[in-house]
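The residues making up each chain are set out below.
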Amino acid sequence: MVSQNSIDDLARRIGDGCLLALPKPEAGASMAVLRALVRRGARDLRLWCLPASGLQVDLLVGAGCVASVECSGVSLGEFGAAPRFRRAAESGTVRIVDTTCQAMYAAVQAGEKGSPFVALRGIVGSDILAHRDDWRVMQNPFASGEDPVVVLPAVRPDMALIHARLRDSRGNLWVGNAREAIVLAHAARQTVATFEAHYDGNLLDDERMTAGTIAPIYVEAAAHAPRGAWPLALPGAYPADRKHLAGYAAAAASEDGFAAWLDRHVLGVGAAA
């Protein structure tokens, strides 16, 4: 039987200043641990979100936990802009690292495979290159004619944080078709996870489950957290809490409103774990 951890245990493993990788909201967002990070007063986190984000980033930025954000976009979807992120970006209190979806996937897949870099053609000639001094344009060494490509350094986050549907007694995690969670777990130096429910048996014994399973060698620690993605959705388990998200968007539009929401739902007595 694998050891059990608490949500607060996982939050303590995510050190201040680390490069923290988060999957897109519908790929298993561990909101339970993000709330615990706010409660413990995490600082200077460098968020790397594959490939976009919303409430995960907005909560941490609003609570003063973040130094930088790299992802292709941050919004609350149908509920509008991410207000705390937008305010921080406009004021310069958080560093925004420009990138694109294809660059993020390519760089983290290189990290997953142990490659030092990856070549990408699609962003040659774009304005984004002026804002990334860590990317290089070079000639394709295998081309007979002119063929410039962009070379990106591989990304290996210090820590990945995911939320899985199932965990078995051997420590295997099942995330279904949430490929971002799988790639991040493979690429990160350490991964911590919350999970919805225990699975009776070995996930790797069922060929229908194996493609969506993360082996325990990639997971440093995990904690049982029913509804751990709330108020976001966990596809196949429960939908997003649209009423709560609409209330968050309205409250977070002002600094006082966000502070009141944070006290009620994260910091206060009776707040969600």
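Report on the accompanying structure. Predicted model, so just to flag it, every value in this text is computed and none were measured.

1. Some details on the pattern of salt bridges
When their charged atoms lie close together, side chains carrying opposite charge are able to pair. Per the counting criterion, the structure on display carries 12 salt bridges. Linking Glu78 and Arg242 is a salt bridge whose minimum nitrogen-to-oxygen distance equals 2.5 Å. Within this pair, whereas Glu78 is found in the loop between strand E3 (66-70) and helix H4 (83-91), its partner Arg242 is found in helix H8 (residues 242-251), the two being separated by 164 residues in sequence. Bridged by salt links that share partners, the residues Lys24, Glu26 and Glu180 form one connected network.

2. Topic: the nonpolar core
The nonpolar side chains of a soluble globular protein tend to be buried, and buried together. Core analysis: the largest hydrophobic core is formed by 64 residues, its most contacted members being Ile14, Leu20, Leu45, Leu47 and Val69. With 7 residues, the top contributor of residues to this core is helix H2 (residues 31-40). Each of two domains, domain 1 (7-99 + 158-267) and domain 2 (101-153), supplies a minimum of three residues to this core. Not counting residues up to four positions away in its chain, the partners in contact with Leu47 are Leu20, Leu22, Val57, Leu60, Val66, Ser68, Val69 and Glu70. The next biggest cluster of nonpolar side chains, apart from the first, holds 14 residues, and it includes Ala185, Ala193, Ile214 and Val219.

3. A few points about the environment of His244
Mapped onto the elements, His244 comes out in helix H8. Taking the C-alpha atoms as reference points, His244 and Ser68, 176 residues apart in sequence, are found 26 Å from one another. The residues contacting His244, other than those within four sequence positions of it, are Trp230, Pro231, Trp261 and His265.

4. Digging into the packing of aromatic side chains
Counted under the stated rule, the structure contains 3 aromatic pairs. Summarising the aromatic geometry, the rings of Tyr248 and Phe258 are spaced 6.3 Å apart at their centres and angled 85 degrees between planes, so their arrangement reads as edge-to-face. Of this pair, Tyr248 sits in helix H8 while Phe258 is found in helix H9 (residues 255-267), placing the two residues 10 residues apart along the sequence. Among the residues examined, Phe258 registers a relative accessible area of 4% and is labelled buried. Here the aromatic residues Tyr248, Phe258 and Trp261 are joined through ring pairs into a cluster of three or more.

5. Looking at unusual backbone geometry
Here the bond from Leu50 into Pro51 is cis, since omega is -15 degrees, no more than 30 degrees from zero. Positionally, Pro51 belongs in the loop between strand E2 (45-50) and helix H3 (55-62). The omega angle of the peptide bond from Trp230 to Pro231 is 10 degrees, so this bond is cis rather than trans. Turning to its location among the elements, Pro231 is positioned in the loop between strand E12 (221-224) and H8. In this structure, Asp44 is a non-glycine residue whose phi angle is positive, near 60 degrees. Within the secondary structure, Asp44 is located in the loop between H2 and E2. The class for Asp44 is partly exposed, based on a relative accessible area of 49%. One non-glycine residue, Arg227, lies in the positive phi region at around 60 degrees. Inspection of the secondary structure assignment puts Arg227 in the loop between E12 and H8. Overall, Arg227 belongs to the partly exposed group, its relative accessible area being 42%.

Conventions adopted
Residues numbered from 1 in each chain as written. Predicted model: local features only at pLDDT ≥ 70, side-chain atom pairs only at ≥ 80, totals over all residues. Heavy atoms only, no water. Salt bridge = Lys/Arg side-chain N within 4 Å of Asp/Glu carboxyl O. Helix = DSSP H or I, 4+ residues; strand = E, 2+ residues; numbered from the N terminus. Core = buried A, V, L, I, M, F, W, Y, C linked by side-chain atoms within 4.5 Å. Buried < 20%, exposed > 50% of the residue type's maximum accessible area, 1.4 Å probe, protein only. Domains from an automatic or database assignment. Contact = heavy atoms within 4.5 Å. Phe/Tyr/Trp six-rings, centres within 6.5 Å; stacked < 30°, edge-to-face > 60°.

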